[in-house]
Amino acid sequence: MIDEVLRQLPTESTQQAVGYPSLFLLVALGSLVPVVPTGALVSTAAVVAVHQTSPFALLVVFAVASGAAFLGDICLYWLGQRGVRSRNGSKWLEAISSRAAPERLAQAQQKLDEHGTVVLVLSRLVPAGRIPVMLACLLGRMPLRQFARGDVPACLAWAATYQLIGILGGSLFAEPWEGVLAAIALTLLISGAPALWRRLRARMAG
């Protein structure tokens with residue numbers, strides 16, 4: 001009876017065949033439409049990879065996540081460039097602009113002038129920092145090739161950071177689901193901390 005139940009469960013290879021393409025599509029979509037919690041997705045995938053027998057599972061998660069993030073960024077930047085070049089703009093450029101507060105955009109433009117494409121790496125690591133920096137690059141007419149060169153290390157650093165969170169969560173707990181919950185909680189805490197801090201400062205100043 002137990003053997004029959006085990007045979008009905010999806011094998012590790014089946015999980016990988018479904019999981020990796022899903023991770024790629026969701027991270028790429030999250031880069032285009034910044035409402036998908038891509039960091040939590042990468043951390044969750046890393047937790048699952050920690051509990052797999054394949055020694056290359058973590059490496060594949062890293063490659064899939066960073067590649068998907070880069071593809072999504074490049075597509076979004078290309079779409080934004082079309083809006084910048086057009087007299088009437090575009091919906092994509094409006095969507096990018098609406099997600100960048102004026103003060104964050106001003107800071108991004110200043111940092112971009114001072115440090116160049118190095119700012120792209122930090123923008124990927126700072127919660128809600130990617131869109132203002134990308135908009136600053138668009139308004140500064142940065143060529144797509146130059147943006148891509150700066151975005152490669154940014155996506156690699158981003159994938160490594162959130163994968164490390166997942167590895168820690170997966171290593172601390174024996175059950176994968178416990179590590180997944182811990183990784184999701186930590187990524188959400190990291191993502192929400194800056195916004196919470198700004199609200200607290202605004203209340204204290206008021």
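1. Some words on the side chain of Asp 73
Following the sequence through the fold, Asp 73 ends up in helix α4 (residues 57-85). Exposure remark for Asp 73: the relative accessible area of 1% places this residue in the buried category. A distance of 2.9 Å separates the side chain of Asp 73 from the side chain of Arg 124, its partner in a polar contact. In this structure, Asp 73 is in contact with Ser 31, Arg 124, Arg 130, Met 134, Phe 147, Asp 151 and Cys 155, ignoring residues within four places of it in sequence.

2. Let's talk about the pattern of salt bridges
Inspection of every chain in the model, using the stated rule, returns two salt bridges. As a salt-bridge pair, Asp 73 and Arg 124 come within 2.9 Å of each other at their nearest N and O atoms. Taken together, the residues span a long stretch of sequence, with Asp 73 in helix α4 and Arg 124 in helix α7 (residues 118-125) at a distance of 51 residues. Given the relative accessible area of 8%, Arg 124 is considered buried. The partner of Asp 73 in a salt bridge is Arg 130, and the shortest N-O contact between them spans 2.6 Å. Here Arg 130 lies in helix α8 (residues 130-139) and Asp 73 lies in helix α4, a separation of 57 residues in the sequence. Overall, Arg 130 belongs to the buried group, its relative accessible area being 12%. Here the salt bridges share partners, and the residues they tie into one network are Asp 73, Arg 124 and Arg 130.

3. Focus: the side chain of Asp 151
Mapping Asp 151 onto the fold places it in helix α9 (residues 144-172). Summary of buried charges: Asp 151 has no salt-bridge partner, and the nearest side chain of opposite charge, Arg 124, is 4.8 Å away. Those residues in contact with Asp 151 that sit more than four places away from it in its chain are Phe 70, Asp 73 and Leu 120.

4. Things to note about the nonpolar core
Tyr 77, Ile 96, Met 134, Cys 137, Leu 138 and Phe 147 are the most contacted members of the largest nonpolar core, which totals 23 residues. Counting only elements with at least two residues in this core, the list comes to α4, α5 (91-98), α6 (102-115), α7, α8 and α9. In terms of residue count, α8 provides more of this core than any other element does, seven residues in total. Leu 138 has contacts with Tyr 77, Gly 80, Gln 81, Val 84, Leu 93 and Ile 96, leaving out every residue within four places of it along the chain. Core analysis: the next-biggest nonpolar cluster, separate from the first, contains 18 residues, Val 27, Ala 65, Trp 158 and Ala 159 among them.

5. Thoughts on the packing of aromatic side chains
Inspection of every chain in the model, using the stated rule, returns two aromatic pairs. A centroid spacing of 4.0 Å and a plane angle of 5° characterise the contact between Tyr 77 and Phe 147, whose relative ring orientation is stacked. You can see Tyr 77 sitting in helix α4 and its partner Phe 147 sitting in helix α9, a full 70 residues away along the chain. Using a relative accessible area of 1% as the deciding quantity, one classes Phe 147 as buried. Here the aromatic rings of Trp 158 and Tyr 162 are separated by 5.8 Å at their centres, their planes lie at 55°, and the arrangement is tilted. Here Trp 158 pairs with Tyr 162, and both are found in helix α9, just four residues apart, close to one helical turn. Taken as a pair, Trp 158 and Tyr 162 share a single burial class, namely buried. Above the ring of Trp 158, the side-chain terminus of Arg 124 is found at 4.8 Å from the ring centroid.

Each value, and the rule that gives it
- Residues numbered from 1 in each chain as written.
- Predicted model: local features only at pLDDT ≥ 70, side-chain atom pairs only at ≥ 80, totals over all residues.
- Heavy atoms only, no water.
- Helix = DSSP H or I, 4+ residues; strand = E, 2+ residues; numbered from the N terminus.
- Buried < 20%, exposed > 50% of the residue type's maximum accessible area, 1.4 Å probe, protein only.
- Polar contact = N/O pair within 3.5 Å; in protein donor to acceptor, adjacent residues only side chain to side chain.
- Contact = heavy atoms within 4.5 Å.
- Salt bridge = Lys/Arg side-chain N within 4 Å of Asp/Glu carboxyl O.
- Lys, Arg positive; Asp, Glu negative; His and termini not counted.
- Core = buried A, V, L, I, M, F, W, Y, C linked by side-chain atoms within 4.5 Å.
- Phe/Tyr/Trp six-rings, centres within 6.5 Å; stacked < 30°, edge-to-face > 60°.
- Lys NZ or Arg CZ within 6 Å of the ring centre and 35° of its normal.

Any link to function would need more than the numbers given here.
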